[in-house]
Amino acid sequence: MMKDLPKERLDMFCYQCSQTVAGNGCFMKGMCGKEPTVARLQDNLIFTIKGIAAYNYQANKLFARDEEVDEFVTKGMYTTLTNVNFDTNDLVQLGLDAGEASVKVMRLLKNAHIEAYGEPTPVEVNVGAQEGPAIIVTGHDLKALEELLKQCEGTGVNVYTHGEMLPAHGYPGLRKYSSLKGQLGGPWFDQKETFSKYNAVILATSNCVLLPKDDYKDRIYTSGVAKLPGVSQINDYDFAPLINQAKELGSLEAEELKTFTTGFGVSTILSLADKIKELVEGGKIKRFFLVGGCDAPMKTNNYYREFVKNLPEDTVVLTLACGKYKFNDLDLGDIEGVPRLIDMGQCNDAIAAVDVALALCDLFECELNDLPLTIVLSWMEQKAAAVLWALFYLGKKDMLIGPILPAWANDDIVKVLVDTYNLTPISDDPKEDIARIMGQ
Ligand code: SF4
Ligand code: SF4
């Protein structure tokens, strides 16, 4: 039985054809001759393509399409079919091609969001319940949020964001709706606690949605690709059942409010370009950090909070995706008007951070790897693979990754990533990592 095999014997796992060992799976080398590294690079490619598909799906919903991305998705998937591609080098190149497609699709989605809702600007978001019936929206689908907000206007039903929806508040075209009230809870994995706590209707629009607890199963709905067994699915953006149920549930009890700041777009940051140049050249900003990616409930993810907390005061942190919840309650202050903690949005907004980095390269007349910029990634799921390969495609070196290395990366793959990009696993000690980076 597969479950009895010691983990170290699982060099690979493939059960995609009838030749598979004993009808279970090839786990050391393929019956067809497929090597473990090839199998793992195929897995990597599939995970990366899933990330691309997630961004592409959201972009398509806003009528944005890129033929080259669509073609790559088809080609990339085809290369992983049985007995098509056994070439390790080609599969690494396909990973980089997937990185290129990730850059394109993230830009496609970002531009579609900006076209639909305007470029984000910084905003303080109230965190906590306010009086009135409520709907909580989680996931990444801004189009679903917009349609819900429209329908909630004038009904007295308040809409709150959760998880990766927080950056929605930054878009002028979304925060113009008075029904958009604030934020409840934090990252995706607190949803069981948050959704149980507030007697509100919930709309799950995308990943990362969890199987619901019984106590809120009758007041959660899904839309788009998100689906849960026994839970109503909303098609065509008709949210009347949610609004009616929210009214029936009645008002939430008002709580003491906190705030999160989000919504930094490329233009906002670049409006500070001259000041940033002056501060860097004057030695008042020593280094920029992009600390972002997925949040996860493991204790090891606390590394990211300790990392940001312990950064020297002459550093600036850009962040995006739900990894920010590890530290977005910290007040890092500013350096002569330049905020030290800059939330740029959802995981797909990695492209906005890339655009800021490229603009800084122009400003300082240097290459990407010569910028005083360190990227510290946390990863949990497969969209992060798309972002990681996008950064490899752009040639970014010296990134840190954690809290664990992606399981698809065996020793051979890790060696290539370390040799080529100096990709470094985070250590157990954030202060040690900071000292090493600052001493570079
Ligand atoms: S494709 Fe190769 S490695 Fe995969 S199940 Fe078939 S024989 Fe095994
Ligand atoms: S950033 Fe990653 S982990 Fe967080 S909600 Fe988005 S997809 Fe899920």
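What counts and how
Residues numbered from 1 in each chain as written. Chains lettered and ligands numbered in written order. Predicted model: local features only at pLDDT ≥ 70, side-chain atom pairs only at ≥ 80, totals over all residues. Heavy atoms only, no water. Salt bridge = Lys/Arg side-chain N within 4 Å of Asp/Glu carboxyl O. Helix = DSSP H or I, 4+ residues; strand = E, 2+ residues; numbered from the N terminus. Buried < 20%, exposed > 50% of the residue type's maximum accessible area, 1.4 Å probe, protein only. Pairing = 2+ DSSP bridges. Near = heavy atom within 4 Å. Nonpolar A, V, L, I, M, F, W, Y, C, P; charged D, E, K, R; others polar. Axes fitted to C-alpha atoms, helices over the stretch in contact; angles between N-to-C directions. Parallel < 35°, antiparallel > 145°, perpendicular 65-115°, else oblique. Left-handed = near helix turned anticlockwise from the far one by under 90°. Contact = heavy atoms within 4.5 Å. Polar contact = N/O pair within 3.5 Å; in protein donor to acceptor, adjacent residues only side chain to side chain.

Asks: What am I meant to see in the pattern of salt bridges here?
Replies: As enumerated under the stated definition, the model contains 20 salt bridges in all. Ionic pairing is found between E336 and K275, a salt bridge with its closest N-O pair at 3.1 Å. Here the residue E336 occupies a position in the loop between β11 (334–335) and β12 (338–339), and K275 occupies one in helix α10 (residues 273–281), the gap between them amounting to 61 residues. Since its relative accessible area comes to 41%, E336 is described here as partly exposed. Through salt bridges with shared partners, a single network forms among K143, E146, E147 and K150.

Asks: What is the right way to look at the sheet that holds strand β16 (residues 424–425) in this model?
Replies: Each strand in a sheet pairs with its neighbour through backbone hydrogen bonds, running either in the same direction (parallel) or in the opposite one (antiparallel). The strand order β13-β10-β9-β14-β15-β16 describes an open sheet built from 6 strands, whose pairing is parallel. Looking at the sheet topology across the chains shown, the edges are occupied by β13 (341–343) and β16. Alignment of strand β15 (residues 400–402) against β16, held across 2 bridges, turns out to be parallel. Bridge pairing in β16 places I401 opposite P425.

Asks: What is the right way to look at the site of ligand 2 in this model?
Replies: Taken together, H140, E164, W188, N207, C208, C294, A321, C322, E381 and K383 make up all the residues around ligand 2. Partitioning the shell around ligand 2 into residue classes produces 5 nonpolar, 2 polar and 3 charged.

Asks: Teacher, can you tell me more about the packing of helix α2 (residues 67–79) against helix α3 (residues 88–117) here?
Replies: The description of two packed helices rests on the angle between their axes and on the distance between the axes. The contact between α2 and α3 brings their axes to 10 Å, and the two run at 150 degrees. As judged from the angle between their axes, α2 and α3 are roughly antiparallel. In the packing of α2 onto α3, the handedness of the crossing is left-handed. Of the residues in α3, those touching α2 at E68, V69, F72, K75 and T79 are L94, D97, A98, A101, K104 and V105. Residue classes in the contact of α2 with α3 are distributed as 6 nonpolar, 1 polar and 4 charged.

Asks: Explain the side chain of D349 to me, please; I cannot follow it from the model alone.
Replies: Mapped onto the secondary structure, D349 falls in the loop between β13 and α12 (350–364). Looking at D349, its side chain comes within polar contact range of the side chain of K110, at 2.8 Å.

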